[in-house]
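# Secondary and tertiary structure notes
What follows is the residue order along each chain.
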There are 2 protein chains.
Amino acid sequence: MDQETMSSPQPAAPTNILVVGTGAVGGYYGAQLAKAGARVSTTHRSDFATVQAHGIQIDGMQGPYHFQPAQVLQSVADYNGFPDYILVGLKVLEEIATADIIRPAVGPDTTILLLQNGVETEPPVAAAFPNNEILSGLAFVCLSRTAPGHIRHTCYGHLAIGRFPDGPSHAARQLAHLFETAGTPCSVTESIVLDRWKKLVWNAAFNPVSVLGQATTQEILAHPPTAQLVEQLMTEVCQIAAAAGYSLPADCVQKNLAATRKMKPYKTSMLLDYLAGRSMEVEAILGNALRAAQRHHVAAPHLENLYSLLSLLAQRTDATPATTG
Amino acid sequence: MDQETMSSPQPAAPTNILVVGTGAVGGYYGAQLAKAGARVSTTHRSDFATVQAHGIQIDGMQGPYHFQPAQVLQSVADYNGFPDYILVGLKVLEEIATADIIRPAVGPDTTILLLQNGVETEPPVAAAFPNNEILSGLAFVCLSRTAPGHIRHTCYGHLAIGRFPDGPSHAARQLAHLFETAGTPCSVTESIVLDRWKKLVWNAAFNPVSVLGQATTQEILAHPPTAQLVEQLMTEVCQIAAAAGYSLPADCVQKNLAATRKMKPYKTSMLLDYLAGRSMEVEAILGNALRAAQRHHVAAPHLENLYSLLSLLAQRTDATPATTG
């Protein structure tokens, strides 16, 4: 038997992937990669015991799916060996030092995929690992963590990934192939930073206004003063992006507004975070955009106002989860 | 005995005063006028039964004080006769038609005192009663309604009143005399509109930022981006006031900031309203200022931003009291 096994054609070794920050995004996309045959391990803080015992249950759009990670870890340092890919699903928050967290598992051939919100979040990681390939990715998906080890997937799911800062990438194509095998559309781009700015046009406008006004996208657009404010914010993001060398299409703002008008009333991820008492990604979404504006001498008074208010409010939510008092 | 009473010198007839909108402000200042010997009646919505049975209990800075109104009314139309003064303590909200509410008690010699927040709140009342004297007043006081028929007075209490739109007023002096008799400092001004703009400098800055940022005055000033925003908002109010013909002192903004830095951490009245699920006076405080800005072609981008967000948020609090969800 042993001999027979030895002599049969060897299957390609599975791709080893470590998900760091296994929230809804990390858990969902980790599960997709596992579905495609990758050997996917996960790290957890609060959900560790539940996932170790029961794995991750995904209440998906095409029915339930159970994901049993290869290794369920409390700490990145416990990972056995070096993975081919680290998929970073950590939030971008001041108190989270992404590079330090992933460092123990970054081997010489490890590719790092940052699946995070905002702009200009890659440079600190790229600087920490100058000899590793850094991929940056955008997830277009509606996910929520409904209980420890439980993720609900309600809409979309496609990805865009690409080498940071730009250019072609064999690693990105390999990863995209795995995602596509699992049924997750994944485009590979050679200008992921441009794509990030494009996504920020929507995020930097609707996220802050939804939190400060406690409103859905529909309510924001039905109230003429905030509909106008959203347009002004989007225009400022386009101006900053252009100054940073990433010119977005001229109709970008109007297309974003028109698409949002057609959407069902939607609570932004930042509003959901706020209502649940979780930290909001104010710096990744507004702070980094404003720092780019300053660097390129672009005026962004509306973004600045919203940043002022939201960063004040963030102190409050950090201090007192789930209440506003 | 009857004859002896008849022949003794007649005391001056007491001044008849009707308080309309007997919340904390109306109740407290009505009580002061009663203390000074005026015959003060009150109207109530939710507190009617309690006040009819027990009067109004004031937990004052100089000990408790019980105020038994002469007539306790559910409706202005139930008032017996016409009062010398109507003291309006109603909030300035779109759904409250002040002139219509007080009309049944406005006799030919009735003077109307508007003790309300904001700017440009007098014109609709002045237009509705062109033959009555309109007084406008500002209350510098910390009051809260702690239970039906119960008011707590925690700091300050002085008033500034004057004829609207300006000029000397015998009626204002008479009223001020009553307040002073009761121990409430009350200055009479011939330019109450200027005083309103002066007070708005603080109110239009700290009220909206405190609500949107869920913060005390101290927290707002300790966070550099919002400290700067407050200064920009105050500067815009000064520019609008000047364009409307009311030039405030050049050091007005810096004095307001310095005075606030010396205050204890303070929750603005608008923040208290928001946290209690009560309507916020967004139009009186921001909307009217912005309409004046438009009329006088003054740019006020920061006030506009805050108005946009706050008027969106106000829809939410109107709909769902005491929660943010």
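Read on for a plain summary of the structure. (Residues numbered from 1 in each chain as written. Chains lettered and ligands numbered in written order. Predicted model: local features only at pLDDT ≥ 70, side-chain atom pairs only at ≥ 80, totals over all residues. Heavy atoms only, no water.)

### Some points on the state of the cysteines
Counted by the stated rule, this structure contains 2 disulfides over all chains. The disulfide bridge from Cys142(A) ends at Cys155(A), spanning 2.1 Å between sulfur atoms. Residues Cys142(A) and Cys155(A) are joined through a disulfide that is left-handed, its torsion about the S-S bond being -50°. Pair noted here: Cys142(A) is in strand β8 (residues 134–147) and Cys155(A) is in strand β9 (residues 150–163), with a separation of 13 residues, a long-range link. Take Cys252(A): it sits in no disulfide, and the sulfur closest to it among the cysteines is that of Cys238(A), at 4.0 Å. The cysteine Cys186(B) is free of any disulfide, with Cys142(B) supplying the nearest cysteine sulfur at 17 Å. Look at Cys186(B) and you get buried, because its relative accessible area is 7%. (Disulfide = S-S within 2.5 Å. Helix = DSSP H or I, 4+ residues; strand = E, 2+ residues; numbered from the N terminus. Buried < 20%, exposed > 50% of the residue type's maximum accessible area, 1.4 Å probe, protein only.)

### What about the side chain of Gln71(B)?
Residues and elements named next belong to chain B. Along the chain, the position of Gln71 falls in the loop between β4 (63–67) and β5 (72–73). Of the polar contacts made by the side chain of Gln71, one reaches the backbone nitrogen of Asn80; its length is 3.2 Å. Contacts of Gln71, omitting those with residues within four sequence positions, involve Arg39, Val40, Ser41, Thr42, Asp78, Tyr79 and Asn80. (Polar contact = N/O pair within 3.5 Å; in protein donor to acceptor, adjacent residues only side chain to side chain. Contact = heavy atoms within 4.5 Å.)

### Here we look at the side chain of Ser210(A)
All names here are of chain A. As for its placement among the helices and strands, Ser210 is situated in helix α7 (residues 192–212). Taking the relative accessible area as the measure of exposure, Ser210 reaches 0% and is therefore buried. Here the side chain of Ser210 touches Thr268 through a polar contact of 2.6 Å, side chain to side chain.

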